[in-house]
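Here's the letter readout for the chains.
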Amino acid sequence: MGGGSMLLNIIIVEDSEELCEGWQDILTLDGHRVHCFLNGRNALENRALIMQADVLVTDYYLPDINGLTLVSMVRKVRADLPIILLTGTRDPAIRESLSQVENAMFLSKPIRIEQLERSIRELIAASSKAPAADADKAAASKAPAADADKVDRTSSSPY
């Protein structure tokens, strides 16, 4: 195994069982924990898993709901979860709406597993750099003044 690779909890939502299992096998061999779902609803029922996940990989076309619906529902549970959206579609409207999703990466199928793994790593690296700025913004918008903001942060520190 390559040095310094991180163990990730990965959720894959993909209605092709063959693809799901193939990816699961390879990602598991690489040391990740992978949960596959063949439709969006089953993934959504698993709230505990969503809370623990490091990344959600979902196809746009699912048998029950589309990938964007799934993403918006997952984000109600976990606003910060990095997401990889896969689609074989060439439809510009769909591609446009996929590109609007924050903290997400959009990949065209067919996709090689190496490309998927690289994208997962890049996405997680990018989203783990961001939190400090977000916290500042959130704190600043709630706090009436800059110095209240400082007091606020030390007293309610989660650490």
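Every chain is numbered on its own, with residues counted from 1 as its sequence reads. Thresholds applied to this predicted model are a pLDDT of at least 70 for local features of residues and 80 or more for the giving and counting of side-chain atom pairs; totals over whole chains, interfaces and linings are not thresholded and use all residues. In computing side-chain properties, one takes all heavy atoms of the structure into account and sets aside hydrogens as well as water.

Caption draft 1: Structural view of helix H1 (residues 17-29). The terminal C-alpha atoms of H1 lie 18 Å apart, and with 13 residues this matches the ideal 18 Å at 1.5 Å per residue to within 8%. Each residue gets one of three labels from its accessible area relative to the maximum for its type: buried under 20%, exposed over 50%, partly exposed in between, using a 1.4 Å probe on protein chains only. The helix count covers DSSP runs of H or I at least four residues long, the strand count covers runs of E at least two residues long, and both are numbered beginning at the N terminus. Every buried residue of H1 is listed here: Cys20, Trp23 and Leu27. Projection of H1 onto a plane perpendicular to its axis shows the buried side chains occupying an angular sector of 75°, all on one side. Exposed side chains of H1 directed beyond 90 degrees from the buried face belong to Glu18, Asp25 and Leu29. Among the residues trailing H1, glycine 31 stands out with phi positive, at a value near 95°. Multiplying one less than the number of residues by 1.5 Å gives the expected span of a helix. Working definition: the arc comes from the directions between the helix axis and the C-beta atoms, pointing outward to the latter.

Caption draft 2: Geometry of the pairing of strand S2 (residues 33-37). Summarising the sheet, strand S1 (residues 9-13) and S2 pair through 5 bridges and their orientation is parallel. The partner of valine 13 across the bridge, within S2, is phenylalanine 37. With respect to chirality, the unit in which S1 leads through H1 into the neighbouring parallel S2 is right-handed. Paired strands, in this sense, are two strands between which DSSP finds at least two bridges. Looking down the strands as they point away from you, a crossover is right-handed if its path from the first strand over the helix to the second goes clockwise.

Caption draft 3: Fine view of a negative patch on the surface. Patches draw on residues past 30% relative accessible area with no salt bridge. Two like charges within 9 Å are joined, as are two nonpolar side chains (Val, Leu, Ile, Met, Phe, Trp, Tyr) within 5 Å. Accessibility throughout is a Shrake-Rupley quantity obtained with a 1.4 Å probe, and a residue counts as covered only by protein chains that appear here. Whenever a carboxyl oxygen of Asp or Glu lies within 4 Å of a side-chain nitrogen of Lys or Arg, that contact is scored as a salt bridge. Positive: Lys, Arg. Negative: Asp, Glu. His and the chain ends are not part of the count. One atom stands in for each charge, and that atom is NZ of Lys, CZ of Arg, CG of Asp or CD of Glu. A cluster of acidic side chains, namely Glu17, Glu18, Glu21 and Asp25, defines a negative patch on the protein surface. Note on placement: glutamate 17 falls in helix H1.

Caption draft 4: Representation of the packing of H1 against helix H6 (residues 113-129). To get an axis, a line is fitted to the C-alpha atoms, and for a helix only the part in contact is used. The angle between two axes follows their N-to-C directions and goes from 0 to 180 degrees. In the contact formed by H1 and H6, the axes pass within 11 Å of each other and the chain directions differ by 60°. Considered as vectors, H1 and H6 are oriented oblique to each other. Both H1 and H6 take part in a crossing whose hand is right-handed. Only Ile113, Leu116 and Glu117 of H6 make contact with H1, whose side of the interface consists of Trp23, Ile26 and Leu27. When residue character is reported, Ala, Val, Leu, Ile, Met, Phe, Trp, Tyr, Cys and Pro are called nonpolar, Asp, Glu, Lys and Arg charged, and the others, Gly included, polar. The residue inventory of the contact of H1 with H6, partitioned by class, reads 5 nonpolar, no polar and 1 charged. Between 65 and 115 degrees an angle is taken as roughly perpendicular, under 35 as roughly parallel, over 145 as roughly antiparallel, and anywhere else as oblique. Whether a crossing is left-handed or right-handed is set by the direction in which the near helix is turned from the far one by less than a right angle, anticlockwise for left-handed and clockwise for right-handed. Residues count as neighbours in contact if any of their non-hydrogen atoms are within 4.5 Å of one another.

Caption draft 5: Expanded view of the nonpolar core. Residues grouped as a nonpolar core are buried Ala, Val, Leu, Ile, Met, Phe, Trp, Tyr and Cys residues, joined through side-chain atoms within 4.5 Å. With 22 residues, the main nonpolar core has Ile11, Val13, Ile50, Leu56, Leu70 and Val74 as its most contacted residues. Looking at this core, the element that brings in the most residues is helix H4 (residues 67-77), giving 4 residues. With residues near it in sequence (within four places) discarded, isoleucine 11 still touches His35, Phe37, Leu49, Ile50, Ala53, Val55, Leu56 and Val57. One finds Leu27, Val34, Leu116 and Ile120 within the second-largest nonpolar core, a separate group that totals 18 residues.

Caption draft 6: Summary view of the pairing of S1. Among the 5 residues of S1, 5 are classified as buried, and the element is accordingly described as predominantly covered. Neither face of S1 is exposed, since Asn9, Ile11 and Val13 on one face and Ile10 and Ile12 on the opposite face are all buried. Pairing of S1 with strand S3 (residues 55-59), which is carried by 4 bridges, proceeds in the parallel orientation. Following the sheet pairing, valine 13 is matched in S3 by threonine 58.

Caption draft 7: How the structure looks around the environment of isoleucine 26. Structurally, the position occupied by isoleucine 26 is in helix H1. Overall, the relative accessible area of 34% leaves isoleucine 26 in the partly exposed class. Placed 87 residues apart in sequence, isoleucine 26 and isoleucine 113 show a C-alpha to C-alpha distance of 7.9 Å. If near-sequence neighbours (up to four positions away) are discounted, isoleucine 26 is found in contact with Ile113 and Glu117.

Caption draft 8: Representation of the pattern of salt bridges in the model. Using the criterion set out here, one finds 4 salt bridges in the structure. Taking the shortest distance from any N to any O, the salt bridge between lysine 109 and glutamate 14 comes out at 2.7 Å. Linking lysine 109 in the loop between strand S5 (104-108) and H6 with glutamate 14 in the loop between S1 and H1, this pair joins segments that are 95 residues apart in sequence. Comparing lysine 109 with glutamate 14, the two get one shared label, buried. Between aspartate 80 and arginine 78 there is a salt bridge, and its shortest N-O distance comes to 2.8 Å. Overall, arginine 78 belongs to the buried group, its relative accessible area being 12%. Each member of the salt-bridge network shares a partner with another, and the members are Glu14, Asp59 and Lys109.

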